[in-house]
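One-letter residues, chain by chain:
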Amino acid sequence: VQLQASGGGLVQAGGSLRLSCAASGGTFSRYAVGWFRQAPGKDREFVGIITGSGTGTYYAGAVKGRFTISRDNTKNTVYLQMNSLKPEDSAVYYCAGGGQFAVVANLYEYWGQGTLVTVSS
């Protein structure tokens, strides 16, 4: 499975962005998809995850209530809607696919290349 993240950019604090993660080369609905982020000088951080069917989600405390993950398996795409963005949300955002509903990065089998989100104050 190949994953391609897109949709990053520069936004002012309080604004919104929607990231997309497009998949190809596999049975997409089999895989949970997680979003992670990594800011300069920091470890990769779990953001949220959605089940293969799209019926279950789980979010990190730092983004809960502001970020929403959804998916359209007919389009092989997962979305990360980010609202009320803060400067501390600035990072490279990655999507990852795997067979487990996991918050740990090394349990994911497939990774996208990352898309940069910059939130200005």
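Residues numbered from 1 in each chain as written. Predicted model: local features only at pLDDT ≥ 70, side-chain atom pairs only at ≥ 80, totals over all residues. Heavy atoms only, no water.

J.: I would appreciate a short explanation of the environment of Gly25 in the present structure.
T.: One can find Gly25 in the loop between strand E3 (17–24) and strand E4 (32–38). Judged by its relative accessible area of 67%, Gly25 falls in the exposed class. Along the backbone, Gly25 and Phe46 are 21 residues apart, and their C-alpha atoms lie at a distance of 25 Å. In this structure, Gly25 is in contact with Val1 and Gln2, ignoring residues within four places of it in sequence. (Helix = DSSP H or I, 4+ residues; strand = E, 2+ residues; numbered from the N terminus. Buried < 20%, exposed > 50% of the residue type's maximum accessible area, 1.4 Å probe, protein only. Contact = heavy atoms within 4.5 Å.)

J.: Any chance you could explain the pairing of E3 here in plain terms?
T.: Successive side chains on a regular strand alternate, one facing one side of the sheet and the next facing the other. In this sheet, E3 lies alongside strand E1 (residues 2–6) in antiparallel orientation, the contact comprising 5 bridges. Pairing of Gln2 across the sheet is with Ser24, part of E3. Of the pairings in the sheet, the one linking E3 to strand E8 (residues 77–82) comprises 6 bridges and is antiparallel in character. Bridge pairing in E8 links Leu19 to Leu80. (Pairing = 2+ DSSP bridges.)

J.: Before we go on, may I ask you to explain the packing of aromatic side chains in this structure?
T.: Centre-to-centre distance and the angle between the planes together describe a pair of aromatic rings. Applying the stated criterion across every chain, the model contains 7 aromatic pairs. With a centroid separation of 5.2 Å and 50° between ring planes, the pair formed by Phe36 and Trp111 is classed as tilted. Note that Phe36 is positioned in strand E4 and Trp111 in strand E10 (residues 110–111), a separation of 75 residues in sequence. Owing to a relative accessible area of 1%, Phe36 belongs among the buried residues under this scheme. On the basis of relative accessibility, which here comes to 28%, the residue Trp111 falls in the partly exposed class. Following the ring pairs from residue to residue traces out a cluster consisting of Phe36, Phe46, Tyr58, Tyr94, Tyr108 and Trp111. For the cation-ring pair, Arg71 lies above Phe28, with the distance from its terminal atom to the ring centre recorded as 4.3 Å. (Phe/Tyr/Trp six-rings, centres within 6.5 Å; stacked < 30°, edge-to-face > 60°. Lys NZ or Arg CZ within 6 Å of the ring centre and 35° of its normal.)

J.: Which parts of the structure should I look at to understand the side chain of Arg66?
T.: Tracing the backbone shows Arg66 in the loop between strand E6 (57–59) and strand E7 (67–72). For Arg66, a relative accessible area of 11% translates into the label buried. Only 2.9 Å separates the side chain of Arg66 from the backbone oxygen of Ala62, close enough to count as a polar contact. (Polar contact = N/O pair within 3.5 Å; in protein donor to acceptor, adjacent residues only side chain to side chain.)

J.: How do you make sense of the side chain of Ser90 when you look at a structure like this?
T.: Relative to the helices and strands, Ser90 is located in the loop between E8 and strand E9 (91–98). Only 2.9 Å separates the side chain of Ser90 from the backbone oxygen of Pro87, close enough to count as a polar contact. Residues in contact with Ser90, not counting those within four places in the same chain, are Ala39, Val117, Thr118 and Val119.

J.: Is there a simple way to explain the state of the cysteines in this structure?
T.: A covalent bond bridging the sulfur atoms of two cysteines is what the word disulfide describes. Within this structure, the stated rule accounts for 1 disulfide. What pairs with Cys21 in a disulfide is Cys95, and their sulfur atoms sit 2.1 Å apart. With the S-S bond torsion at 75°, the cross-link from Cys21 to Cys95 turns out right-handed. Of this pair, Cys21 sits in strand E3 while Cys95 sits in strand E9; the two residues are 74 residues apart in sequence, bridging distant segments of the chain. Owing to a relative accessible area of 0%, Cys21 belongs among the buried residues under this scheme. Residue Cys95 is classed as buried on the basis of its relative accessible area, which comes to 0%. (Disulfide = S-S within 2.5 Å.)

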